[in-house]
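# Descriptive analysis of the structure
One-letter residues, chain by chain:
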Amino acid sequence: MAVPPSHPRYTSLKTRDLIVEGVKKGITSQHGLIAHGRGEAFDYIIGEKTTTKAKQQIKKAAVLLKAAKHPIISVNGNVAALVPKEIVQLSKVIPAKLEVNIFHSSKTREKLIAKHLKKHGAKEVLLPTKPLVKGIQHNRRFCNPEGIAKADVVFVPLEDGDRCQALKKMEKKIITVDLNPLSRTAKEANITIIDNITRTISLLIKEIRSLKTK
Ligand code: PTJ
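Since this is a predicted model, take the numbers as computed values, not measurements. (Residues numbered from 1 in each chain as written. Predicted model: local features only at pLDDT ≥ 70, side-chain atom pairs only at ≥ 80, totals over all residues. Heavy atoms only, no water.)

## Points about the packing of helix α1 (residues 10-25) against helix α2 (residues 31-45)
The following threshold applies: Axis geometry follows a simple rule: fit a line to the C-alpha atoms, using only the stretch in contact for helices, then measure angles between N-to-C directions, giving values from 0 to 180 degrees. Runs of E in the DSSP output that reach at least two residues are strands. Runs of H or I that reach at least four are helices, and both are numbered from the N terminus. Our angle categories are set so that under 35 degrees counts as roughly parallel, over 145 as roughly antiparallel, 65 to 115 as roughly perpendicular, and the remainder as oblique. By convention the crossing between two helices is left-handed if the near helix lies anticlockwise of the far one by an angle smaller than a right angle, and right-handed if it lies clockwise. By the convention used here, residues are in contact when the closest approach between their heavy atoms is within 4.5 Å. Polar here means any residue other than Ala, Val, Leu, Ile, Met, Phe, Trp, Tyr, Cys and Pro, which are nonpolar, and Asp, Glu, Lys and Arg, which are charged; Gly is therefore polar.
Relative orientation of the contacting elements α1 and α2 amounts to 160°, with a least axis distance of 10 Å. Classified by the angle their axes make, α1 and α2 are roughly antiparallel. For the element pair α1 and α2, the recorded crossing hand is right-handed. The segment α1 lies against α2, with Ser-12, Thr-15, Arg-16, Ile-19, Val-20 and Val-23 engaging Gly-32, Leu-33, His-36 and Glu-40. Class assignment of the residues belonging to the contact of α1 with α2 gives a composition of four nonpolar, four polar and two charged.

Shown next as structure tokens:
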């Protein structure tokens, strides 16, 4: 979409393009378009800026990720479309493994997401193989024994579901990014960052880098 940078909704429209492109490439589920619209509505309410509270939560998340023994980043179709380069960079800076974990089951999409992340610099991307997340029936119960199953800290952005509670029962600490403070994951996570993921990841990388130099 040819939008001039002077357009008042430029950033928002360009971000929509990323999600639409994600669907066209087979990375993002069609349901991802709806989820994005929900996120946009909340972002509009908070003024499309990272709040002071979110910045505090980002600092806490940086400390927890840095202190983790086996941190993991769970990537779905929306995250892969919106911030592929940044999420790969985050995995290198922590360092943490990347695992594809999607709600709308599709082996083809899992592989396309992994390929997309590799195109953006990821060396290794884990795929879900075994139903190891207890207490849930849907596709998110599948995870990788060397990834989410083994992790002590799980970064699960953009997810309104019951997996967060299930992972907490497995003694894992959960960090999420969600513009909807009322989502189940936002309410359940150990650290919730109410912000747009398109702004959060680069701030989180900056925080982790500054922790390393301290
Ligand atoms: O790729 P899949 O199959 O795993 O599907 C991914 C989606 C996002 C479609 C799936 O996880 C889903 O249905 O999610 P929900 O239940 O709609 O929850 C997504 C949450 O992310 C909602 O609470 C949205 O408000 C929020 N959200 C959407 N876009 C953003 C966001 N939060 C932060 N930044 C965004 N850009």
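Picking up where we left off.
## Concerning the environment of Met-170
When you line up the elements, Met-170 lands in the loop between α7 (163-169) and β6 (173-177). C-alpha of Met-170 to C-alpha of Ala-151: the two residues are 19 residues apart in sequence and 9.9 Å apart in space. Contacts of Met-170, omitting those with residues within four sequence positions, involve Leu-132, Val-133 and Lys-134.

## Some details on the pairing of β6
For clarity, the threshold we go by: Remark: exposure states derive from per-residue accessible area (1.4 Å probe, protein chains only) relative to the maximum for the residue type, with buried under 20%, exposed over 50%, and partly exposed in between. In this description, strands pair whenever DSSP reports at least two bridges between them. For the handedness criterion, the strands are oriented away from the viewer, and a crossover whose path from the first strand over the helix to the second runs clockwise is classed as right-handed.
β6 sits mainly inside the fold: four of its five residues count as buried. Sheet topology note: the strand β5 (residues 153-155)/β6 ladder contains three bridges and is parallel. Residue pairing across strands places Val-154 opposite Ile-174, the latter belonging to β6. A crossover connection joins β5 to the parallel β6 through α7; in handedness this β-α-β unit is right-handed. Looking at chain direction, β6 and strand β7 (residues 191-193) are connected through three bridges and run parallel. Bridged to Val-177 within β7 is Ile-193.

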